[in-house]
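Fold and contact review
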Amino acid sequence: KFIPHGKILRVFQLLNLLASAKYPVKGLAEKLDIKERTVYRYLSLLGEVGFCIDQDFQGRYFLCTNTYPDFLTPTLRRGTSSGLTWKLAGILLLT
């Protein structure tokens, strides 16, 4: 099934936001210019592919530190980003 590039870009932008700070769903939706429902779908998708997304007591979402999905190679787990974009894009295209 075809996924427009804009969706993939927003999922990566969401991942970057979650890695940098804690955000409520409304804040994520505003920053990404998407509906809150879409934020929930993207959060679910990231969880399904193995990212640890957590929520604090104030309802803000964030990416768990030092946790990566199994599809990332050991090199990527050490912090380099080479190949991550292509691997995640491939997973998004298959879902």
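Here, every reference points to the structure presented above.
Residues numbered from 1 in each chain as written. Predicted model: local features only at pLDDT ≥ 70, side-chain atom pairs only at ≥ 80, totals over all residues. Heavy atoms only, no water.

Describing the overall build of the protein
Just so we agree on the cut-off: What counts as a helix is a DSSP run of H or I of at least four residues, what counts as a strand is a run of E of at least two, and both are numbered from the N terminus. Any pair of residues with heavy atoms lying within 4.5 Å of one another is described as a contacting pair. A 1.4 Å probe and the Shrake-Rupley method give the accessible areas. Residues count as covered only by the protein chains that appear here.
Assigned secondary structure in the protein consists of five helices and two strands. The secondary structure elements of the protein, listed N-terminal to C-terminal, are α-α-α-β-β-α-α. For the protein, restricting intrachain contacts to residue pairs at least 6 apart in sequence, the fraction spanning at least 24 positions comes to 46%. With the model as given, the accessible surface of the protein reaches about 6,300 Å², and the carbon-plus-sulfur share is 55%.

Considering the pattern of salt bridges
Quick reminder of the rule: We define a salt bridge as a side-chain nitrogen of Lys or Arg found within 4 Å of a carboxyl oxygen belonging to Asp or Glu.
Per the stated rule, a full pass over the model turns up one salt bridge. In this structure, D56 engages R60 in a salt bridge whose closest nitrogen and oxygen atoms are separated by 2.7 Å.

As for the packing of aromatic side chains
Rule in force here: Stacked, edge-to-face and tilted labels apply to pairs of Phe, Tyr and Trp rings (six-membered ring for Trp) whose centres lie within 6.5 Å, assigned for plane angles under 30 degrees, over 60, and everything in between, in that order. Any Lys NZ or Arg CZ that is within 6 Å of a ring centre and within 35 degrees of that ring's normal is treated as a charge sitting over the ring.
Across all of its chains, the model carries zero aromatic pairs by this definition. Sitting over the face of the ring of F62, K22 holds its NZ or CZ atom 4.7 Å from the ring centroid.

A look at the environment of D33
Residue placement: D33 occurs in the loop between helix 2 (25–32) and helix 3 (36–48). For the pair D33 and R10, spaced 23 residues apart in the sequence, the C-alpha separation amounts to 9.1 Å.

What about the nonpolar core?
Among soluble globular proteins, nonpolar side chains are generally buried collectively. The criterion, for reference: The criterion is simple. A nonpolar core is a set of buried Ala, Val, Leu, Ile, Met, Phe, Trp, Tyr and Cys residues joined through side-chain atoms within 4.5 Å. Partly exposed describes any residue whose relative accessible area lies between the buried limit of under 20% and the exposed limit of over 50%, with all areas from a 1.4 Å probe on protein chains only and scaled to the type maximum.
If you look at the biggest cluster of nonpolar residues, it comprises 20 residues, and the most contacted ones within it are L14, L18, L28, V39 and L46. Other than its neighbours up to four places away in sequence, L18 contacts L28, L43, L46, I53, Y61, F62 and L63.

What about the state of the cysteines?
Under the convention used in this document: Note on terminology: disulfide denotes any pair of cysteine sulfur atoms within 2.5 Å.
Tallied over the entire structure, the rule returns one disulfide. The disulfide partner of C52 is C64, and the S-S distance across this bridge is 2.2 Å. Of note, the bridge from C52 to C64 carries an S-S torsion of about -45° and is left-handed in sense. Taken together, the residues span a long stretch of sequence, with C52 in the loop between helix 3 and strand 1 (53–55) and C64 in the loop between strand 2 (61–63) and helix 4 (74–77) at a distance of twelve residues. Since its relative accessible area comes to 31%, C52 is described here as partly exposed.

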